[in-house]
Amino acid sequence: MANLDHPIKKVMIICAKANIEDVYAALVMANGAVMEGIEAKVFFTFFGLDAITKKQMKKLHTATVGNPGMRMPGGLPFPSILGMLPGVEAGVSAMMKSQMEKLDIPPVDEFLELITAGGGEIYACKLAVEMFGLKKEDFCEHVKDIITIGQFYELAAGEGTQIIFT
Amino acid sequence: MAEKIFAGVSVTVTDEGYLTIPSQWTKEIAIEIAKEEGLTLTDKHFAVIEYLRERVLKGEALTIRSIGKSGVVDTKGFYELFPGAPLKKATKIAGVAKPVSCV
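Residues numbered from 1 in each chain as written. Chains lettered and ligands numbered in written order. Predicted model: local features only at pLDDT ≥ 70, side-chain atom pairs only at ≥ 80, totals over all residues.

Peer 1: For this particular structure, what's the right way to read the overall build of chain B?
Peer 2: Looking only at helices and strands, chain B features five helices and two strands. Going from the N terminus to the C terminus, chain B shows its helices and strands as β-β-α-α-α-α-α. Relative to its length of 103 residues, chain B is compact, with a C-alpha radius of gyration of 13 Å against a globular reference of 13 Å. For chain B, the spread of C-alpha atoms along the three principal axes comes to 35 × 25 × 20 Å. Out of the 103 residues belonging to chain B, those deemed buried represent 30%. Nonlocal contacts in chain B, meaning residues at least 24 apart in sequence, comprise 50% of its contacts between residues at least 6 apart. (Helix = DSSP H or I, 4+ residues; strand = E, 2+ residues; numbered from the N terminus. Rg over C-alpha atoms; globule rule 2.2 N^0.38 Å. Buried ≥ 20, exposed ≤ 12 C-beta atoms within 10 Å, placed from the backbone. Contact = placed C-beta atoms within 7 Å.)

Structure representation (C-alpha coordinates):
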(Lines give C-alpha, C1' and ligand atoms only; values in the text may rest on other atoms or scores of the structure.)
Protein backbone atom coordinates (compact mmCIF):
# COMPACT_ATOMS: atom_id res chain seq x y z
CA MET A 1 0.00 0.00 0.00
CA ALA A 2 1.31 3.41 -0.95
CA ASN A 3 2.25 5.98 1.66
CA LEU A 4 -0.82 8.18 1.91
CA ASP A 5 0.40 10.53 4.63
CA HIS A 6 1.40 13.21 2.15
CA PRO A 7 -0.53 12.59 -1.06
CA ILE A 8 -0.04 14.76 -4.12
CA LYS A 9 -3.03 17.07 -4.22
CA LYS A 10 -2.27 19.17 -7.25
CA VAL A 11 -0.03 18.95 -10.31
CA MET A 12 1.00 21.99 -12.31
CA ILE A 13 2.29 20.82 -15.70
CA ILE A 14 4.22 23.01 -18.10
CA CYS A 15 4.53 22.05 -21.77
CA ALA A 16 6.89 24.14 -23.89
CA LYS A 17 7.24 21.95 -26.98
CA ALA A 18 5.03 20.96 -29.89
CA ASN A 19 6.36 17.43 -30.47
CA ILE A 20 3.73 14.72 -30.18
CA GLU A 21 5.68 13.08 -27.37
CA ASP A 22 6.06 16.25 -25.30
CA VAL A 23 2.45 17.28 -25.70
CA TYR A 24 1.15 13.80 -24.94
CA ALA A 25 3.40 13.46 -21.91
CA ALA A 26 1.74 16.59 -20.52
CA LEU A 27 -1.75 15.45 -21.48
CA VAL A 28 -1.36 11.92 -20.12
CA MET A 29 -0.01 13.28 -16.83
CA ALA A 30 -2.80 15.83 -16.54
CA ASN A 31 -5.54 13.36 -17.40
CA GLY A 32 -3.99 10.72 -15.14
CA ALA A 33 -4.04 13.20 -12.29
CA VAL A 34 -7.67 14.12 -12.83
CA MET A 35 -8.56 10.42 -12.98
CA GLU A 36 -6.97 9.95 -9.56
CA GLY A 37 -8.82 12.87 -8.07
CA ILE A 38 -5.73 15.11 -8.17
CA GLU A 39 -6.20 18.71 -9.28
CA ALA A 40 -4.41 19.39 -12.58
CA LYS A 41 -3.52 22.60 -14.37
CA VAL A 42 -1.53 22.68 -17.60
CA PHE A 43 0.39 25.71 -18.82
CA PHE A 44 1.26 25.71 -22.52
CA THR A 45 4.08 28.01 -23.53
CA PHE A 46 6.36 28.65 -26.52
CA PHE A 47 5.95 25.96 -29.17
CA GLY A 48 3.72 24.05 -26.80
CA LEU A 49 1.01 26.56 -27.74
CA ASP A 50 0.53 24.57 -30.96
CA ALA A 51 -1.23 21.92 -28.90
CA ILE A 52 -4.03 24.31 -27.95
CA THR A 53 -4.14 26.44 -31.11
CA LYS A 54 -7.12 25.51 -33.29
CA LYS A 55 -5.05 25.76 -36.46
CA GLN A 56 -2.17 23.54 -35.29
CA MET A 57 -3.50 21.12 -32.69
CA LYS A 58 -4.47 18.44 -35.20
CA LYS A 59 -1.15 18.66 -37.04
CA LEU A 60 1.39 17.87 -34.35
CA HIS A 61 4.48 15.99 -35.46
CA THR A 62 7.31 14.07 -33.95
CA ALA A 63 10.81 15.00 -35.13
CA THR A 64 12.32 12.51 -37.58
CA VAL A 65 15.58 14.46 -37.71
CA GLY A 66 17.73 14.89 -34.64
CA ASN A 67 15.73 12.29 -32.72
CA PRO A 68 18.04 9.51 -31.50
CA GLY A 69 15.05 7.42 -30.39
CA MET A 70 13.80 7.22 -33.98
CA ARG A 71 13.77 3.68 -35.39
CA MET A 72 12.07 1.81 -38.20
CA PRO A 73 9.13 -0.37 -37.22
CA GLY A 74 10.80 -3.59 -36.09
CA GLY A 75 13.74 -1.74 -34.58
CA LEU A 76 16.04 -1.27 -37.57
CA PRO A 77 18.05 1.95 -37.63
CA PHE A 78 16.34 4.99 -39.11
CA PRO A 79 18.82 6.89 -41.30
CA SER A 80 18.75 10.61 -40.49
CA ILE A 81 18.78 11.48 -44.17
CA LEU A 82 15.47 9.64 -44.60
CA GLY A 83 13.89 11.86 -41.99
CA MET A 84 14.65 14.89 -44.16
CA LEU A 85 12.63 13.63 -47.12
CA PRO A 86 9.29 15.34 -47.72
CA GLY A 87 6.37 13.50 -46.19
CA VAL A 88 8.43 11.19 -43.99
CA GLU A 89 7.83 13.17 -40.82
CA ALA A 90 4.11 13.38 -41.56
CA GLY A 91 4.00 9.64 -42.24
CA VAL A 92 5.85 8.73 -39.07
CA SER A 93 3.63 11.08 -37.06
CA ALA A 94 0.47 9.58 -38.54
CA MET A 95 1.76 6.12 -37.64
CA MET A 96 2.39 7.20 -34.05
CA LYS A 97 -1.10 8.65 -33.80
CA SER A 98 -2.70 5.48 -35.13
CA GLN A 99 -0.75 3.41 -32.59
CA MET A 100 -2.02 5.66 -29.82
CA GLU A 101 -5.59 5.43 -31.07
CA LYS A 102 -5.33 1.65 -30.70
CA LEU A 103 -4.51 2.16 -27.01
CA ASP A 104 -7.56 4.42 -26.67
CA ILE A 105 -5.37 7.52 -26.39
CA PRO A 106 -7.48 10.26 -27.97
CA PRO A 107 -6.44 13.03 -30.38
CA VAL A 108 -5.32 16.27 -28.70
CA ASP A 109 -8.65 18.11 -28.86
CA GLU A 110 -10.56 15.18 -27.42
CA PHE A 111 -7.87 14.67 -24.78
CA LEU A 112 -8.26 18.30 -23.68
CA GLU A 113 -11.99 17.72 -23.47
CA LEU A 114 -11.45 14.67 -21.23
CA ILE A 115 -9.16 16.64 -18.93
CA THR A 116 -11.46 19.64 -18.63
CA ALA A 117 -14.54 17.42 -18.19
CA GLY A 118 -12.76 16.00 -15.15
CA GLY A 119 -12.09 19.47 -13.77
CA GLY A 120 -8.57 19.98 -15.14
CA GLU A 121 -7.65 23.45 -16.38
CA ILE A 122 -5.74 24.52 -19.47
CA TYR A 123 -3.84 27.79 -19.71
CA ALA A 124 -1.82 29.62 -22.36
CA CYS A 125 1.30 31.58 -21.45
CA LYS A 126 0.77 35.30 -21.94
CA LEU A 127 4.36 36.02 -22.89
CA ALA A 128 4.43 33.32 -25.58
CA VAL A 129 0.99 34.32 -26.85
CA GLU A 130 2.25 37.87 -27.39
CA MET A 131 5.48 36.63 -28.88
CA PHE A 132 3.67 34.57 -31.51
CA GLY A 133 1.06 37.27 -32.11
CA LEU A 134 -1.85 35.03 -31.10
CA LYS A 135 -5.26 36.02 -29.77
CA LYS A 136 -7.77 34.37 -27.43
CA GLU A 137 -9.89 33.30 -30.41
CA ASP A 138 -6.96 31.39 -31.92
CA PHE A 139 -7.16 28.92 -29.07
CA CYS A 140 -9.51 25.98 -28.67
CA GLU A 141 -12.52 26.27 -26.38
CA HIS A 142 -10.82 24.23 -23.64
CA VAL A 143 -8.33 27.00 -22.84
CA LYS A 144 -9.51 28.64 -19.66
CA ASP A 145 -7.35 31.74 -19.80
CA ILE A 146 -4.17 33.42 -20.98
CA ILE A 147 -2.08 34.02 -17.88
CA THR A 148 1.43 35.02 -16.77
CA ILE A 149 3.81 32.59 -15.15
CA GLY A 150 3.30 34.57 -11.93
CA GLN A 151 -0.43 33.84 -12.03
CA PHE A 152 0.36 30.19 -12.73
CA TYR A 153 2.49 30.08 -9.58
CA GLU A 154 -0.36 31.66 -7.64
CA LEU A 155 -2.62 28.85 -8.84
CA ALA A 156 0.02 26.41 -7.61
CA ALA A 157 -0.30 27.59 -4.03
CA GLY A 158 -1.09 25.02 -1.38
CA GLU A 159 0.31 21.97 0.30
CA GLY A 160 0.91 18.88 -1.81
CA THR A 161 1.48 20.65 -5.14
CA GLN A 162 4.02 19.47 -7.70
CA ILE A 163 5.27 21.46 -10.67
CA ILE A 164 6.27 19.34 -13.66
CA PHE A 165 8.03 20.56 -16.79
CA THR A 166 7.94 18.30 -19.83
CA MET B 1 -6.89 -10.55 0.56
CA ALA B 2 -9.44 -10.23 3.28
CA GLU B 3 -12.97 -11.23 4.10
CA LYS B 4 -15.48 -8.48 4.47
CA ILE B 5 -19.15 -8.49 5.31
CA PHE B 6 -21.38 -6.35 3.14
CA ALA B 7 -25.17 -6.46 3.49
CA GLY B 8 -24.84 -9.56 5.66
CA VAL B 9 -22.84 -11.47 3.05
CA SER B 10 -19.18 -12.36 3.44
CA VAL B 11 -17.10 -11.55 0.34
CA THR B 12 -13.39 -11.60 -0.38
CA VAL B 13 -11.77 -8.27 -1.16
CA THR B 14 -8.28 -6.99 -1.98
CA ASP B 15 -6.34 -4.81 0.45
CA GLU B 16 -7.86 -1.82 -1.28
CA GLY B 17 -11.38 -3.16 -0.93
CA TYR B 18 -12.08 -4.44 -4.45
CA LEU B 19 -14.14 -7.61 -4.71
CA THR B 20 -12.00 -10.46 -6.00
CA ILE B 21 -14.93 -12.58 -7.20
CA PRO B 22 -17.26 -10.44 -9.33
CA SER B 23 -20.04 -13.03 -9.11
CA GLN B 24 -20.32 -12.36 -5.36
CA TRP B 25 -21.56 -8.89 -6.19
CA THR B 26 -25.15 -7.83 -5.56
CA LYS B 27 -26.91 -4.48 -5.69
CA GLU B 28 -27.10 -4.50 -1.90
CA ILE B 29 -23.32 -4.90 -1.69
CA ALA B 30 -22.90 -2.03 -4.17
CA ILE B 31 -25.03 0.21 -1.98
CA GLU B 32 -22.86 -0.55 1.06
CA ILE B 33 -19.53 -0.06 -0.73
CA ALA B 34 -20.87 3.22 -2.10
CA LYS B 35 -21.82 4.30 1.40
CA GLU B 36 -18.21 3.76 2.48
CA GLU B 37 -17.19 5.99 -0.42
CA GLY B 38 -19.68 8.60 0.70
CA LEU B 39 -22.08 8.03 -2.20
CA THR B 40 -25.79 7.32 -2.34
CA LEU B 41 -26.52 5.34 -5.48
CA THR B 42 -29.22 6.40 -7.91
CA ASP B 43 -30.57 4.65 -11.02
CA LYS B 44 -28.04 6.61 -13.04
CA HIS B 45 -25.21 5.18 -10.93
CA PHE B 46 -26.57 1.69 -11.42
CA ALA B 47 -26.82 2.16 -15.18
CA VAL B 48 -23.08 2.98 -15.24
CA ILE B 49 -22.19 0.20 -12.79
CA GLU B 50 -24.04 -2.40 -14.82
CA TYR B 51 -22.40 -1.19 -18.02
CA LEU B 52 -18.94 -1.41 -16.39
CA ARG B 53 -19.64 -4.91 -15.08
CA GLU B 54 -20.81 -6.07 -18.46
CA ARG B 55 -17.63 -4.79 -20.14
CA VAL B 56 -15.23 -6.10 -17.53
CA LEU B 57 -16.87 -9.52 -17.49
CA LYS B 58 -16.41 -9.60 -21.27
CA GLY B 59 -12.70 -9.09 -20.60
CA GLU B 60 -12.54 -5.53 -21.93
CA ALA B 61 -10.17 -2.91 -20.48
CA LEU B 62 -11.91 0.20 -19.20
CA THR B 63 -10.80 3.72 -20.06
CA ILE B 64 -12.44 7.01 -19.15
CA ARG B 65 -12.60 7.80 -22.85
CA SER B 66 -14.54 4.69 -23.80
CA ILE B 67 -16.94 5.14 -20.89
CA GLY B 68 -17.51 8.76 -21.94
CA LYS B 69 -18.40 7.55 -25.43
CA SER B 70 -20.60 4.66 -24.27
CA GLY B 71 -23.86 6.54 -24.49
CA VAL B 72 -24.56 5.46 -20.90
CA VAL B 73 -22.87 8.53 -19.43
CA ASP B 74 -20.62 11.29 -20.78
CA THR B 75 -17.22 12.06 -19.29
CA LYS B 76 -18.43 15.01 -17.28
CA GLY B 77 -21.40 13.06 -16.00
CA PHE B 78 -19.11 10.19 -15.00
CA TYR B 79 -16.96 12.55 -12.91
CA GLU B 80 -20.09 14.00 -11.35
CA LEU B 81 -21.57 10.62 -10.45
CA PHE B 82 -18.34 9.34 -8.90
CA PRO B 83 -16.46 12.46 -7.78
CA GLY B 84 -12.73 12.31 -7.20
CA ALA B 85 -11.44 9.21 -8.91
CA PRO B 86 -14.41 7.98 -10.98
CA LEU B 87 -12.88 4.92 -12.62
CA LYS B 88 -11.48 3.59 -9.34
CA LYS B 89 -14.61 4.34 -7.35
CA ALA B 90 -17.07 3.05 -9.92
CA THR B 91 -15.24 -0.24 -10.44
CA LYS B 92 -14.98 -0.76 -6.69
CA ILE B 93 -18.72 -0.28 -6.31
CA ALA B 94 -19.32 -2.46 -9.39
CA GLY B 95 -17.48 -5.32 -7.71
CA VAL B 96 -14.87 -5.74 -10.44
CA ALA B 97 -11.07 -5.51 -10.39
CA LYS B 98 -9.31 -2.18 -10.03
CA PRO B 99 -8.52 -1.02 -13.57
CA VAL B 100 -4.91 -0.59 -14.65
CA SER B 101 -5.72 1.89 -17.39
CA CYS B 102 -3.58 5.04 -17.88
CA VAL B 103 -6.22 6.90 -19.84
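That covers the picture; the talk isn't over yet.
Peer 1: It is not clear to me how the interface of chain A and chain B should be interpreted in this structure. Could you clarify?
Peer 2: Quite often, the size of an interface is put as the accessible area lost when its parts meet. Contact residues are listed per partner, giving 14 residues for chain A and 14 residues for chain B. Those elements that place two or more of their residues in the side of chain A that touches chain B are helix H1 (20-35) and helix H4 (108-117) of chain A. Counting residues per element, the side of chain A that touches chain B draws most heavily on H1(A), which supplies four residues. Residue composition of the side of chain A that touches chain B, grouped by class: seven nonpolar, five polar and two charged. (Nonpolar A, V, L, I, M, F, W, Y, C, P; charged D, E, K, R; others polar.)

Peer 1: Is there a simple way to explain the nonpolar core in this structure?
Peer 2: Where a protein is soluble and globular, its nonpolar side chains tend to be buried together. All names here are of chain A. The biggest cluster of nonpolar side chains holds 61 residues, and the ones touching the most others in it are Ile13, Ala30, Val42 and Phe44. Among the elements that take part in this core, H1 stands out by supplying nine residues, more than any other. The contact partners of valine 42, leaving out residues within four places of it in the chain, are Ile13, Cys15, Ala26, Ala30, Gly120, Ile122 and Tyr123. (Core = buried A, V, L, I, M, F, W, Y, C linked by C-beta atoms within 7 Å.)

Peer 1: Sorry, what's going on with the sheet that holds strand S1 (residues 10-15) of chain A here?
Peer 2: Within a beta sheet, neighbouring strands are joined by backbone hydrogen bonds and run either parallel or antiparallel to one another. All names here are of chain A. The sheet built from five strands is open, its strands ordered S4-S3-S2-S1-S5 with parallel pairing. Here the strands that pair on one side only, and so sit at the sheet edges, are strand S4 (143-147) and strand S5 (161-165). Direction aside, neighbouring strands of the sheet carry axes that sit 20 degrees apart on average. The pairing of strand S2 (residues 39-44) with strand S3 (residues 121-125) spans four bridges and is parallel. Pairing of phenylalanine 44 across the sheet is with alanine 124, part of S3. (Pairing = 2+ DSSP bridges. Axes fitted to C-alpha atoms, helices over the stretch in contact; angles between N-to-C directions.)

Peer 1: I tried to follow the environment of Ala16(A) on my own but got confused; where do I start?
Peer 2: All names here are of chain A. The topology assignment puts alanine 16 in the loop between S1 and H1. A tally of 17 C-beta atoms within 10 Å means that alanine 16 is categorised as partly exposed. Sequence separation between alanine 16 and phenylalanine 44 is 28 residues; the distance between their C-alpha atoms is 6.0 Å.

Peer 1: Sorry if this is basic, but what is going on with unusual backbone geometry here?
Peer 2: Of all residues except glycine, most have a negative phi; of all peptide bonds, most are trans. Phi at Asp104(A) is positive, roughly 70 degrees, even though this residue is not glycine. Mapping Asp104(A) onto the fold places it in the loop between helix H3 (88-102) and H4. Although it is not a glycine, Ala7(B) sits at a positive phi angle of roughly 50 degrees. Its location among the elements puts Ala7(B) in the loop between strand S1 (2-6) and strand S2 (9-13). On the basis of neighbour count, Ala7(B) is assigned to the partly exposed category, with 13 C-beta atoms found within 10 Å.

Peer 1: Which parts of the structure should I look at to understand the packing of H1(A) against H4(A)?
Peer 2: The packing of two helices is summarised by the inter-axis angle and the distance between the axes. All names here are of chain A. Viewed as axis vectors pointing N to C, H1 and H4 meet at an angle of 25 degrees, and their least axial separation amounts to 9 Å. In terms of orientation, H1 and H4 fall into the roughly parallel class. Relative to H4, the crossing made by H1 is left-handed. Across the interface between the two elements, Val23, Leu27, Ala30, Asn31 and Val34 of H1 pack against Val108, Phe111, Leu114 and Ile115 of H4. For the contact of H1 with H4, the residue count by class is eight nonpolar, one polar and no charged. (Parallel < 35°, antiparallel > 145°, perpendicular 65-115°, else oblique. Left-handed = near helix turned anticlockwise from the far one by under 90°.)

Peer 1: What should I look at first to understand the pairing of S1(A) in this one?
Peer 2: Two faces make up the sheet, and in a regular strand the side chains alternate between them. Residues and elements named next belong to chain A. Within S1, five of the six residues are buried, which leaves the element mostly enclosed by the surrounding structure. As judged from the six bridges shared by S1 and S2, these two strands associate in the parallel manner. Its bridge partner being in S2, valine 11 is matched across the sheet by alanine 40. The parallel pair S1 and S2, bridged by H1, forms a crossover whose chirality is right-handed. In terms of strand pairing, S1 meets S5 through five bridges, oriented parallel. Considered in S5, the bridge of isoleucine 13 is made with isoleucine 164. (Right-handed = clockwise from strand over helix to strand, strands pointing away.)

Peer 1: It is not clear to me how the packing of helix H2 (residues 43-57) of chain B against helix H5 (residues 86-93) of chain B should be interpreted in this structure. Could you clarify?
Peer 2: Residues and elements named next belong to chain B. Axis separation between H2 and H5 bottoms out at 9 Å; the angle between their running directions is 85 degrees. One finds that H2 runs roughly perpendicular with respect to H5. Across the interface between the two elements, Val48, Ile49 and Leu52 from H2 touch Ala90, Thr91 and Ile93 from H5. In terms of residue class, the contact of H2 with H5 is made up of five nonpolar, one polar and no charged.

Purely geometric numbers; function is a separate question.
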